[in-house]
Amino acid sequence: MNFPLFDLHNHLLPLIDDGPNSMDETIKIVELSEMQGVRTIIATPHKKDVNELHSIEFVRGLLKKVNQICKSRGYSISLKLGMENHLDSRLLDDIKAGKALPMGDSKYILLEMPYDRKSNLVEDVLGQIQKIGLIPIIAHPERMELFQYDPALLFNLVDEGMLTQITASSVYGKFGDEVQRFTKQILRCNLGHILASDAHMSTGPRPPDLLKGYFEVSKIVGRDAAKDMVSTLPGAILENNALDIKPPILIKD
Ligand SMILES: [Fe+2]
């Protein structure tokens, strides 16, 4: 690949959440990502697990350790810290208290929506987060019932300036036909901005597969749009720059 890839959603830190259970497994994820041309990974452990079972300091220490191993092996890849922040009524307070982290040092923050078919909280809390100057990135909307049952809600949120992260394996059917079908609709309607692996292990159902995802997205919306999703836009997020986004289109069956 003649451009760098950036993976902004990845659970590779060991023994923190439902990701790898050893540092060896973490390094395997790093190696596979390096081979695919990934330059930066944002480690995004679940906010709940970090705060309830560990601490942000502990996680920063682990991240440093992984970066040292990468350097000693001559890898070009490096890690930054973020979080997958579950949306609930306490989220704004957690952000203000430094318990819910944005991506690296940027104003972009990865948010996981409630796993319910309907939620009255979503628009309210997302609006509050925008008001304090952060830009929400909605994690894998293609897998959320909230949007499967109400695609107009996804359109409205993107129309209000929010971004979305699509998971690579959704594009090629690992979460089933329905998710794959909805993923294609999202991509064709300019409602998917970032592609990420959401990797949990080096093998199995949730591997580091960003490059495969890029090729699969290319088949649906073309190479330029796919490159935007794995390189241009995530690269701009890491630099904390504003993004050049195509206007969203309402999904119609
Ligand atoms: Fe995740």
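See the structure above.
Let me sum up the structure you'll find in this document. (Residues numbered from 1 in each chain as written. Predicted model: local features only at pLDDT ≥ 70, side-chain atom pairs only at ≥ 80, totals over all residues. Heavy atoms only, no water.)

1. Considering a negative patch on the surface
Argument step 1. Together, Glu 123, Asp 124, Asp 150, Asp 159 and Glu 160 make up a negatively charged patch on the protein surface.
Argument step 2. Within the secondary structure layout, Asp 124 lies in helix α5 (residues 121-131). (Patch = residues over 30% accessible without salt bridge, like charges linked within 9 Å, V, L, I, M, F, W, Y side chains within 5 Å. Areas by Shrake-Rupley, 256 points an atom, 1.4 Å probe, with all protein chains shown as cover. Salt bridge = Lys/Arg side-chain N within 4 Å of Asp/Glu carboxyl O. Lys, Arg positive; Asp, Glu negative; His and termini not counted. Charge placed at Lys NZ, Arg CZ, Asp CG, Glu CD. Helix = DSSP H or I, 4+ residues; strand = E, 2+ residues; numbered from the N terminus.)

2. What about helix α9 (residues 177-188)?
Argument step 1. Over its 12 residues, α9 runs 17 Å from end to end, which matches the ideal 16 Å to within 8%, given 1.5 Å per residue.
Argument step 2. All buried positions along α9 are accounted for by Val 179, Gln 180, Phe 182, Thr 183, Gln 185, Ile 186 and Leu 187.
Argument step 3. Packed against the buried residues of α9 are α6 (145-148), α7 (151-159), β7 (163-167), α8 (168-171), α10 (210-221) and α11 (223-238).
Argument step 4. Downstream of α9 by a residue or two, Asn 190 has a phi angle that is positive, lying close to 55°. (Expected span 1.5 Å × (residues − 1). Buried < 20%, exposed > 50% of the residue type's maximum accessible area, 1.4 Å probe, protein only. Contact = heavy atoms within 4.5 Å.)

3. Things to note about the packing of helix α1 (residues 23-35) against helix α3 (residues 56-72)
Argument step 1. Across the interface, α1 lies against α3 with an axial gap of 11 Å and an inter-helix angle of 55°. By the criterion of interaxial angle, the relationship of α1 to α3 is oblique. Judged by the twist between their axes, the crossing of α1 over α3 is right-handed. Between α1 and α3, the contacting residues are Met 23, Thr 26, Ile 27 and Val 30 on the first element and Leu 62, Lys 65, Val 66, Ile 69 and Cys 70 on the second.
Argument step 2. Across the contact of α1 with α3, the residue classes break down as seven nonpolar, one polar and one charged. (Axes fitted to C-alpha atoms, helices over the stretch in contact; angles between N-to-C directions. Parallel < 35°, antiparallel > 145°, perpendicular 65-115°, else oblique. Left-handed = near helix turned anticlockwise from the far one by under 90°. Nonpolar A, V, L, I, M, F, W, Y, C, P; charged D, E, K, R; others polar.)

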